Amino acid sequence: MEMLNKEDLKSAILKLKTEKNAVILAHYYQEKDIQDVADYIGDSLGLAIEASKTDAEIIVFAGVHFMAETAKLLNPTRKVVLPDLKAGCSLADSCPPDQFKAFIDAHPDHKVVTYVNCTAEVKALSDIVCTSSNAVDIINSFPIDQKIIFAPDHNLGKYLQKETGRDLVLWKGACVVHEAFSFDKLLKLKLEYPEAKLVAHPESEPHILDVADYVGSTSKMINFIKNSDAQTFVVGTEAGILHELSKQAPGKNLIPLPIHEDNTCACSECAFMKVNTLEKVYNCLLNETPEINIDPAIFDKAKAPIVKMIEFSSLVKNEN
């Protein structure tokens, strides 16, 4: 078929979505055109909860591979498709399952808490999964004398140690997007915009978090900026969040936190997230491929810690 233009693609996607009883879940870091056709836009926790509630027959997950895996684990009887299987994750790649299994074996009597940004194989080795939205609460839910392994993000782990006072055993993994921020360029920005508030994702390096006015998950960053009296913000996470932020906080001056490398947007972008395109969303919905499948041998073990996290988050929400 001939190449459709952007607006025709959007219309075709919406039509197919209705015909096939499909839902499109998109992460904040996706390109803006994909966000515009999504039924739900959110962070890892929000997307996991939404995936657990959907009654759609097909889930198009506009994000990265581990997120689509999570949706499949929560919807074993539904078809889950990812626009491009090359949409991986540097953080998930930094924690190979066999090496992580050896790491766990070397630390007996430890509970294993893993950040959702990991493979299904790593989740299957975990006691509970967390996101940046609920990680502090989940760590604090364990008895104070319980030894804990936290993986795979080392920066998030150090932030959790500081916030909870717990002596966590950390796996040394990292997200290349959140390690790219330049402290020197941040200082120059602060001189140019002294009134600006710095909001940062906890996957960022400690020297960035130490000077941040607010640290939180992508959804919490949006809520902070939306509800703050301040007008100018330096935003320390993947630049895709700016599209939704501009909608929810109209009129506010949003400046992406600069990175070491000079690039076209002077911001941090996830190459894996940007592998997905509007055309690929259309094609995967049309052809219902590529489909996400998980090894039956680990399926139940990988699902259990995700369900535990969602139940925990629901309990905390109800208590509040």
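As a reminder, the structure under discussion sits directly above these lines.
A brief report on the enclosed structure follows. (Residues numbered from 1 in each chain as written. Predicted model: local features only at pLDDT ≥ 70, side-chain atom pairs only at ≥ 80, totals over all residues. Heavy atoms only, no water.)

This paragraph deals with the nonpolar core. Grouped together as the largest cluster of nonpolar side chains are 103 residues, with contacts concentrated most on Val113, Phe150 and Val235. Ranked by residue count, the leading element in this core is helix H15 (residues 296–319), at 7 residues. If sequence neighbours within four positions are ignored, phenylalanine 150 has contacts with Val113, Tyr115, Cys130, Ile139, Leu156, Gly157, Leu160, Leu168, Val169, Leu170 and Trp171. One finds Cys95, Ile104, Ile149 and Trp171 within the second-largest nonpolar core, a separate group that totals 10 residues. (Core = buried A, V, L, I, M, F, W, Y, C linked by side-chain atoms within 4.5 Å. Buried < 20%, exposed > 50% of the residue type's maximum accessible area, 1.4 Å probe, protein only. Helix = DSSP H or I, 4+ residues; strand = E, 2+ residues; numbered from the N terminus. Contact = heavy atoms within 4.5 Å.)

Once that is clear, we can look at empty space enclosed by the protein. If you walk through the whole model with that rule in mind, you get 2 cavities of 30 Å³ or more. Estimates place the volume of the largest cavity at around 250 Å³. Lining the largest cavity are 27 residues; nearest its centre among them are Tyr29, Met67, Asn117, Glu203 and Met273. Elements supplying a minimum of two residues to the lining of the largest cavity: helix H3 (44–53) and helix H4 (65–74). When grouped by side-chain class, the residues that make up the lining of the largest cavity number 13 nonpolar, 11 polar and 3 charged. Taken together, Ser44, Leu47, Ala48, Ala51, Phe61, Phe66, Met67, Thr70, Ala71, Leu74 and Val116 form the lining of the second largest cavity. Sorting the residues of the lining of the second largest cavity by element identifies H3 and H4 as the ones contributing at least two each. The leading source of residues in the lining of the second largest cavity is H4, at 5 residues. For the lining of the second largest cavity, the residue count by class is 9 nonpolar, 2 polar and no charged. (1 Å grid on protein atoms, 1.4 Å probe; cavity = no way out; pocket = protein on both sides within 12 Å on 5 of 7 lines; lining within 4 Å. Points joined across faces, edges and corners; volume = space filled by probe spheres on them. Nonpolar A, V, L, I, M, F, W, Y, C, P; charged D, E, K, R; others polar.)

Our next topic: the side chain of threonine 70. By the element assignment, threonine 70 lies in helix H4. Owing to a relative accessible area of 4%, threonine 70 belongs among the buried residues under this scheme. At a separation of 3.0 Å, a polar atom in the side chain of threonine 70 contacts the main-chain carbonyl oxygen of phenylalanine 66. Ignoring any residue separated from it by four or fewer positions in sequence, one finds threonine 70 in contact with Ala48, Val116, Lys123 and Ile306. (Polar contact = N/O pair within 3.5 Å; in protein donor to acceptor, adjacent residues only side chain to side chain.)

Burial within strand E3 (residues 58–62) is extensive, with 5 of its 5 residues counted as buried. Residue alternation in E3 divides its side chains into two sets, Ile58, Val60 and Ala62 and Ile59 and Phe61, and both sets are buried. Traced from E3 through H4 to strand E4 (residues 79–81), the parallel crossover comes out right-handed. (Right-handed = clockwise from strand over helix to strand, strands pointing away.)

A full pass over the atoms with the stated rule returns 5 aromatic pairs. Between tyrosine 214 and phenylalanine 224, the ring centres sit 4.4 Å apart and the planes meet at 5 degrees, which makes this aromatic pair stacked. One end of the pair, tyrosine 214, is in strand E10 (residues 214–215); the other, phenylalanine 224, is in helix H12 (residues 218–227), and 10 residues separate them in sequence. Judged by its relative accessible area of 24%, phenylalanine 224 is partly exposed. Members of the aromatic cluster, connected to one another through ring pairs, are Phe100, Phe103 and Trp171. (Phe/Tyr/Trp six-rings, centres within 6.5 Å; stacked < 30°, edge-to-face > 60°.)

Glancing now at the environment of serine 90. Tracing the backbone through its elements, the reader meets serine 90 in helix H5 (residues 90–93). With a relative accessible area of 18%, serine 90 lands in the buried category. In this structure the C-alpha to C-alpha distance between serine 90 and glycine 173, which are 83 residues apart in sequence, comes to 8.8 Å.

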